[in-house]
Amino acid sequence: MEQISILVVDDDKEIADLVEIHLVGDGYSVFKAYNAKEGLELLKQNDIKLAILDIMMPGIDGIEMCKMIRETSTIPIIMLSAKSTDLDKIVGLGSGADDYVIKPFNPLELTARVKSQLRRYTTFNPNSQGKEPLKEIYLEHLAINKETHKVIAYDRDVKLTPIEFDILYLLASNPGKVFSTEEIFETVWNEKMYEANNTVMVHIRRLREKIELDSRNAQIIKTVWGVGYKIEK
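This is a predicted model, so every value here is computed, not measured.

Asks: Residue-level account of helix α2 (residues 36-45), with values.
Replies: For α2, the complete set of buried residues consists of A36, G39, L40, L42 and L43. Considered in projection along α2, the buried side chains sweep an arc of 160 degrees and stay on one side of the axis. In α2, those exposed residues whose orientation departs by more than 90 degrees from the buried face are K37, K44 and Q45. In this structure, the buried side of α2 is in contact with β1 (5-9), β2 (29-33), β3 (48-54) and α3 (62-70).

Asks: Outline the pattern of salt bridges, supporting the account with residue identities and numerical values.
Replies: Under the criterion given, the structure shown has 16 salt bridges. For D17, the salt bridge is made with K13, and the minimal N-O distance between the two is 2.9 Å. Separated by four residues within a single helix, D17 and K13 lie in helix α1 (residues 13-25), roughly one turn from each other. The exposure class of K13 is partly exposed, given its relative accessible area of 48%.

Asks: Pulling in residues and values, what's your account of the packing of aromatic side chains?
Replies: Within this structure, the stated rule accounts for two aromatic pairs. Ring geometry for F165 versus Y169: centroids 6.2 Å apart, planes at 15 degrees, classification stacked. In this pair, F165 and Y169 are both assigned in helix α6 (residues 162-172), four residues apart and thus about one turn of the helix distant. Looking at F165, the relative accessible area reads 2%, which means it is buried. Taking the centre distance of 4.9 Å and the plane angle of 10 degrees together, the rings of F185 and W189 count as stacked. This pair shows no difference in class: F185 is buried, exactly as W189 is. Between K146 and the ring centre of Y169, over which it is positioned, the NZ or CZ distance is 4.5 Å.

Asks: A description of α1 should follow, citing residues and the corresponding values.
Replies: Its 13 residues place the ends of α1 18 Å apart at the C-alpha level, agreeing with the 18 Å of an ideal helix rising 1.5 Å per residue. By the burial criterion, the buried members of α1 are I15, A16, V19 and L23. Projected down its long axis, α1 shows its buried positions confined to an angular sector of 100 degrees, all on one face. Away from its buried face by more than 90 degrees, α1 exposes E14, I21 and G25. Where α1 begins, the side chain of D12 points an oxygen toward the backbone nitrogen of E14, at a separation of 3.0 Å. Immediately downstream of α1, the backbone of G27 shows phi near 95 degrees, a positive value.

What counts and what doesn't
- Residues numbered from 1 in each chain as written.
- Predicted model: local features only at pLDDT ≥ 70, side-chain atom pairs only at ≥ 80, totals over all residues.
- Heavy atoms only, no water.
- Buried < 20%, exposed > 50% of the residue type's maximum accessible area, 1.4 Å probe, protein only.
- Helix = DSSP H or I, 4+ residues; strand = E, 2+ residues; numbered from the N terminus.
- Arc of directions from axis to C-beta.
- Contact = heavy atoms within 4.5 Å.
- Salt bridge = Lys/Arg side-chain N within 4 Å of Asp/Glu carboxyl O.
- Phe/Tyr/Trp six-rings, centres within 6.5 Å; stacked < 30°, edge-to-face > 60°.
- Lys NZ or Arg CZ within 6 Å of the ring centre and 35° of its normal.
- Expected span 1.5 Å × (residues − 1).
- Polar contact = N/O pair within 3.5 Å; in protein donor to acceptor, adjacent residues only side chain to side chain.

Below is the structure:
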């Protein structure tokens, strides 16, 4: 079986080495870089399936690197940061990252998140609840192909991250149903949400920026105040 390649970018060599040890132990192939420039070059040269980026790096930081990756790629991105406030998480996720891990972290938790993101990127189906997933969805102003991850909104091709696609697919494959932020998180992230956070809100905002003509006057993803989000039939 071909090894899955993961890029680790952190200017702290000890942390990069620690992450590498655990990922290699789980059977992954690891490419390491100690700055964003090296990391971006490795991305061009290799078939990387997931990137782990430290936020605080000299020169191009992890936030800017994430934005640069998102210009051409939808691979899962996990951010590492010593900053733990909600605002810091919003900035990290808002740059296009799929997950945010706070330093110091348990390496086993990080590898678990890596597996979760890769599963979502390749085979995870947010609508797998005893019924066959819809391969194609056609709604007003929106078309989704589950197999190719192709999304067309208002006759425009839209590039989405794996998380963004799964949220959109979940809502679109259940038209008219209102999902709370907790339901969206637990279905898409496939884990329990133990405390209120802004993760879902940030991804919904980014989704609207990509698929809506006017993100402040959303016509596809509707907010049901005090309840959650839905896409109409």
